[in-house]
Amino acid sequence: MTDEAYWTYNNGVTGYPRLDGRGRADVAVIGGGAAGLWTAWELARTGRRVAVLEAGRIAEAAKGGAAGQASVIQALAYSRIAHAAGPEAARCYAQAQKQAVERIAEVADRLGADCELERRPSYVYAADEQSLPQLHEEWAAALQADIPAVYGAATGLSFTVAGALHVVDQLQFHPRKLLTALAEDLVRRGSAVYEHSPVVTVDEGEPCVVMTETGASVAAEQVVVATGFPIVADSVLRRSLRPRRELLLAGPVPAERAPEGMYVAVGEPAATIRSAPLDDRQRMVVVAGERYEAGSGSVQERFRRLSAWAAGKVGLERVEFRWSAQDYETDDRLPVIGPASGEQGRLWIATGFGGWDATNAALAGRLITAGIRGARPPEWAAPFAPERLEKNGHDQDDWNGPARSVVRHRVERDERDALDAIRPGDGAVVDVGGEHCAAHRDASGLLHLVSALCPHQGCTVEFNDAEKTWECPCHGSRFATDGALLQGPAAAPLAPARAYLALTAAE
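Residues numbered from 1 in each chain as written. Predicted model: local features only at pLDDT ≥ 70, side-chain atom pairs only at ≥ 80, totals over all residues. Heavy atoms only, no water.

Chemist: Whenever I open this one, the overall build of the protein chain confuses me. Can you help?
Modeler: Within the protein chain, the regular secondary structure consists of 12 helices and 24 strands. For the protein chain, the spread of C-alpha atoms along the principal axes amounts to about 70 × 55 × 50 Å. Buried positions account for 58% of the 507 residues belonging to the protein chain. The averaged location of the 67 negative side-chain charges in the protein chain is 3 Å from the averaged location of its 52 positive side-chain charges. (Helix = DSSP H or I, 4+ residues; strand = E, 2+ residues; numbered from the N terminus. Buried < 20%, exposed > 50% of the residue type's maximum accessible area, 1.4 Å probe, protein only. Lys, Arg positive; Asp, Glu negative; His and termini not counted. Charge placed at Lys NZ, Arg CZ, Asp CG, Glu CD.)

Set out below in structure tokens:
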């Protein structure tokens, strides 16, 4: 078994250059994931020169590890949006999702992308009677939003469900293959993709200047920030976004036993199921679930539970791949797509997809391109505008969002006992010499200490025992055990721990 996404394993490596020196473009797009590449491609089609800047490799960050399915029904999306933002917002979301599904199919065909695109029915099901009221409410909200969902109990799954909604002719595909096809085409059109080019500052001047950690820069008339958690987020946006993590498993099953559609459960466990082409006799079953708050720990146990569920319910007896995906969601369950609140109006934001990045990334590409062109937005676009967050946002004093999780991450006061208790391969946050330290003991027994304070907003990180990483519970930044930055919004690694001196002196 490998701790890598099925979509990225043994699937070639992109080799775009690192940004060096100073460059110019019409639009700089920060982030080479789904939203960034869709937006860059749509802009390149209009004749604009686009520069995509990705901190690592394109299509390999959190969004590249998702499930690769595009559906107009998405768990409890419509009932939740209707409750939070009203039935009209749910209707707008439904219209946008319908158009995004068809846009994905159209573009994949136009590019001739070998992305394993298949038309399949999509289901939202209640595993037990307790979950039926939620499913019924979602059905009513979906119908009110003009989604042609059919209610019944037949799903084609190998286990009985209490009820299900389904919509035909939805899409599943290999997400990385589609995204790399977008990148290849936008480069053919005269735009550029830069990898290993993490952006650290954005100057919203005239022109805007985007600078990487090496001092290289791109000057552009417009900047699109599509980095999951925006690196230029203001206080309203920071308070509005919550990181959500999800675990995924994949393994082969005989083709005749593979699920025929795409499935997501209402209630617990909120598992998502689909399959992908493998060979003439087998399909690769992909199961996602065990959603959790970044930094909440017990990831190894979560993987164990998900594996047991997948074996018992869908016959996934041999897990060959396991990985995690991360996305951000808002209180009203609507994505944030449109102009940021900067005075110059040259910054654009795409985030808050809530795990449904396939359709919402395509949607972001369309809306932001229309905005940059000065075209009239579709009539359904208003609920996605970032400015709504300022109208609906909470004051700092009564905010009930992610910062609550920081309170749980207290450090141990008995420094020596806490360090001695860390077993090889494990990690913990401890207090050493008055400093909060992220302590990891490697397989050889050697102890490593780095600062436990995330450089983004100063929150205390927590250890992920399955992926051996440090995670920030506030905004989802992730770090290697040596403190190296793996995923933003942080723009710097965890600092070296001054506590090494205190610990050495104590010995």
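Chemist: How should the side chain of Thr351 be read in this particular structure?
Modeler: Within the secondary structure, Thr351 is located in strand β17 (residues 347-351). Side-chain polar atoms of Thr351 contact the backbone oxygen of Gly228, separated by 2.2 Å. Ignoring anything within four residues of it in the chain, the contact list for Thr351 reads Gly228, Phe229, Pro230, Leu241, Tyr328, Pro335 and Val336. (Polar contact = N/O pair within 3.5 Å; in protein donor to acceptor, adjacent residues only side chain to side chain. Contact = heavy atoms within 4.5 Å.)

Chemist: What exactly am I supposed to notice about the sheet that holds strand β20 (residues 447-451) here?
Modeler: The pairing of strands in a sheet happens through backbone hydrogen bonds and is either parallel or antiparallel. Read from one edge of the open sheet, 3 strands run β18-β19-β20, paired in antiparallel fashion. The sheet is open, and its two borders are formed by β18 (427-432) and β20, each paired with just one other strand. Strand-to-strand twist in this sheet, taken as the mean axis angle between neighbours without regard to direction, amounts to 35°. In this sheet, strand β19 (residues 435-441) lies alongside β18 in antiparallel orientation, the contact comprising 6 bridges. Residue pairing for β19: Gly427 is matched across the bridge by His440. (Pairing = 2+ DSSP bridges. Axes fitted to C-alpha atoms, helices over the stretch in contact; angles between N-to-C directions.)

Chemist: Sorry, what's going on with helix α2 (residues 77-85) here?
Modeler: Each α-helix turn comprises 3.6 residues. Residues three or four places apart therefore point the same way. When α2 is considered as a whole, its buried residues turn out to be Ala77, Tyr78, Ser79 and Ile81. On its buried side, α2 packs onto α3 (87-111) and α4 (132-144).

Chemist: Even after reading the chapter, I still don't get the pattern of salt bridges, so can you show me in this structure?
Modeler: Charged atoms that come close allow side chains of opposite charge to pair. Overall, the coordinates contain 34 salt bridges when judged by the stated rule. Here Arg110 ties to Glu106 by a salt bridge, and the two come within 2.8 Å at their closest N and O atoms. In this pair, Arg110 and Glu106 are both assigned in helix α3, 4 residues apart and thus about one turn of the helix distant. Its relative accessible area of 42% is what places Arg110 among the partly exposed residues. Here Glu467 makes a salt bridge to Arg245, at a shortest N to O gap of 3.5 Å. Placement of Glu467 in the loop between β21 (462-464) and β22 (469-471) and of Arg245 in strand β11 (residues 242-254) is noted, with a sequence separation of 222 residues between them. Taking relative accessible area as the criterion, Arg245 reaches 1% and is therefore assigned buried. Among the charged side chains, a salt-bridge network with shared partners connects Glu42, Arg45, Arg103, Glu106 and Arg110. (Salt bridge = Lys/Arg side-chain N within 4 Å of Asp/Glu carboxyl O.)

Chemist: Which parts of the structure should I look at to understand the nonpolar core?
Modeler: Where a protein is soluble and globular, its nonpolar side chains tend to be buried together. Ranked by internal contacts, the top residues of the largest apolar core, which has 77 residues, are Trp38, Tyr78, Ile104, Ile147 and Phe384. In terms of residues, this core owes the most to one element, α3, which gives 12 residues. Setting aside anything within four residues of it in sequence, one finds Ile147 in contact with Val72, Ile73, Tyr78, Ala94, Lys98, Ala142 and Val167. Ranked by size, the runner-up nonpolar core spans 26 residues in total, among them Tyr123, Ile273, Val299 and Val314. (Core = buried A, V, L, I, M, F, W, Y, C linked by side-chain atoms within 4.5 Å.)

Chemist: Hey, could you run me through α4 in this one?
Modeler: Along its 13 residues, α4 runs 18 Å from first to last C-alpha, staying within 8% of the 18 Å computed at 1.5 Å per residue. Residues Leu132, Leu135, Glu138, Ala141 and Ala142 constitute the buried set of α4. Along its buried surface, α4 packs onto α2, β4 (118-126), β5 (150-152), β6 (163-172) and β12 (262-266). (Expected span 1.5 Å × (residues − 1).)

Chemist: How should I be thinking about the state of the cysteines in this particular structure?
Modeler: Linking two cysteines covalently through their sulfur atoms gives a disulfide. Tallying each qualifying case throughout the model produces 1 disulfide. Between the sulfur atoms of Cys459 and its disulfide mate Cys474 the distance is 2.1 Å. Judged by the sign of its S-S torsion, about -95°, the bond between Cys459 and Cys474 is left-handed. Taken together, the positions of Cys459 in the loop between β20 and β21 and Cys474 in the loop between β22 and β23 (478-480) put the pair 15 residues apart, joining distant regions of the chain. Cys474 sits in the buried class, given a relative accessible area of 4%. The thiol of Cys454 is unpaired, and the distance to the nearest cysteine sulfur, on Cys472, comes to 4.0 Å. (Disulfide = S-S within 2.5 Å.)

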